[in-house]
Amino acid sequence: MRPKILRLSVLATALALVGGASAVVAEPAPDSVAGHETARPLIIGHRGASGYRPEHTLASYELAARMGADYVEPDLVTTKDGVLVARHEPEIGGTTDVANHPEFTARRTTKSLDGVATTGWFTEDFTLAELKTLRAVERLPQVRQENTIFNGRYQVPTFQEVIDLVKRLSRELHRDIGIYPETKHPTYFRTQGRALEPKLVDALNRNGLNRPGAKVFVQSFEVSNLKALNRQLRVPLVQLTSSTGAPFDFTDTGDPRTYADLVTPAGLREVATYADGIGPEKIQIIPRDAAGNLAAPTTLVRDAHAAGLTLHPYTFRAENTFLPTNLRSSADPNAYGNLFAELQAYFAAGVDGVFTDNTDIGIATRTELRAAA
Ligand code: G3P
Ligand code: CA
């Protein structure tokens, strides 16, 4: 088992599930990681406050922090000149205005991204200076039309700019705002000759963030890079999992194991040898029934806690299209439904944090939970 720095016992509050699912009593939450026990469950600003601003922009992170997020989450990729920048994937046609830049038309290409032929523009083909001439646009313009008024206003930020922002806002808001970076497509970037991990370790070292108690989690959907980072980092690591598929490094090396294997009791004990928590897809904790409503929780919270792992599921979003059927407000997929109720169900199931696009609703739900305790 990976040695933990300090553990504090905290009991998760029991809540009745709403919206038709059966009532449960939360499992005792596992002990928290040193420096991270300020609030429970943690509210993690997923791609910033991406429900309200184009994702992975300084404006999105700043809004999440001002809404009260405990952590902001940058996904990390790299430029041609080896600078870590915040984007959800290397292909930037869907989140920037690169298609409107004729000087970059010839950069459009097709690459195999984790075995999937992907056409577009890739960050590793742009220097940072070139990337800085682009502007971010809303990824989901049909769902989040209001966010499109911010199209063209913000640059693609570097990881260093995100760290600087978090430090500045921590001083201004008089609280330690955390940062929760994810290495995106680590095998892909290694095969491109631009491994992410040395840059990440260097950035955390240079900023005094590679130390016990630093308010940092590092996450990955792959396994081997987390195992390697475990030998270099002194901050907690989080193994991301999905309800389908397998870590691409497993696929790439012929390892037949899947994400389903990682979340068995034995798999979780193996994860605990190199990580401190898991970041599961939310339906791995509370599946949906045939009608699309929340069903009874799985044993994942209990099993992960038994292995000494925290759980931070993803992704909680306010629009009907992302919510269980009986928590939707109408047939309009883009209208807001009852995210409060979905979060209450997961808090009652005993999760230790949530990735959410709507930090304000996450904070409000947690505040109500505490008031009711
Ligand atoms: O990292 C947690 C969550 O963000 C994982 O999904 O695809 O949004 O990065 P994704
Ligand atoms: Ca992520």
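See the structure above.
Now for a look at the structure at hand. Everything quoted here is computed from the prediction, not taken from an experiment.

A short note on helix H3 (residues 159-173)
Counted at 1.5 Å a residue, the expected span for H3 with its 15 residues is 21 Å, and the 21 Å between its end C-alpha atoms agrees. Three or more residues of H3 are buried, namely Phe-159, Val-162, Ile-163, Leu-165, Val-166, Leu-169 and Ser-170. Projection of H3 onto a plane perpendicular to its axis shows the buried side chains occupying an angular sector of 160°, all on one side. Tucked into the core, H3 has its buried residues touching helix H1 (58-67), strand E2 (71-73), strand E3 (75-78), strand E4 (84-86), strand E7 (178-179) and helix H5 (197-206). Looking one or two residues past H3, His-174 carries a phi angle of roughly 60°, positive in sign.

A word on H5
All of the buried residues in H5 are Glu-197, Leu-200, Val-201, Ala-203 and Leu-204. For H5, the buried positions fall inside an angular range of 160° around the axis, keeping them on one side. H5 presents Pro-198 and Arg-206 as exposed residues on the side facing more than 90 degrees away from its buried surface. Phi for Gly-208, located one or two positions after H5, is positive at around 65°.

A look at the sheet that holds strand E1 (residues 42-46)
Across a sheet, paired strands are connected by hydrogen bonds in the backbone, their directions being either parallel or antiparallel. Spatially, E7-E2-E1-E13 is the arrangement adopted by the 4 strands of the open sheet, whose pairing is parallel. Either end of the sheet is taken by a strand with one partner, and the two such strands are E7 and strand E13 (353-356). Inspection of the sheet shows E1 paired to E13 by 4 bridges, in the parallel sense. Note that in E13 the partner of Ile-44 across the bridge is Phe-355.

Concerning the pattern of salt bridges
With the rule as written, the count across this model stands at 24 salt bridges. A salt bridge links Arg-40 to Asp-352; the shortest N-O distance between them is 2.5 Å. With a gap of 312 residues between them, Arg-40 in the segment before E1 and Asp-352 in the loop between helix H11 (339-349) and E13 connect regions that are remote in the sequence. For Arg-40, a relative accessible area of 17% corresponds to the buried category. Arg-366 is the salt-bridge partner of Asp-70, the closest N and O atoms lying 2.6 Å from each other. Here the residue Asp-70 occupies a position in the loop between H1 and E2, and Arg-366 occupies one in helix H12 (residues 359-372), the gap between them amounting to 296 residues. Each of Arg-47, Glu-55, Glu-89 and Arg-139 takes part in a single network of salt bridges with overlapping partners.

The rules behind each value
- Residues numbered from 1 in each chain as written.
- Chains lettered and ligands numbered in written order.
- Predicted model: local features only at pLDDT ≥ 70, side-chain atom pairs only at ≥ 80, totals over all residues.
- Heavy atoms only, no water.
- Helix = DSSP H or I, 4+ residues; strand = E, 2+ residues; numbered from the N terminus.
- Expected span 1.5 Å × (residues − 1).
- Buried < 20%, exposed > 50% of the residue type's maximum accessible area, 1.4 Å probe, protein only.
- Arc of directions from axis to C-beta.
- Contact = heavy atoms within 4.5 Å.
- Pairing = 2+ DSSP bridges.
- Salt bridge = Lys/Arg side-chain N within 4 Å of Asp/Glu carboxyl O.

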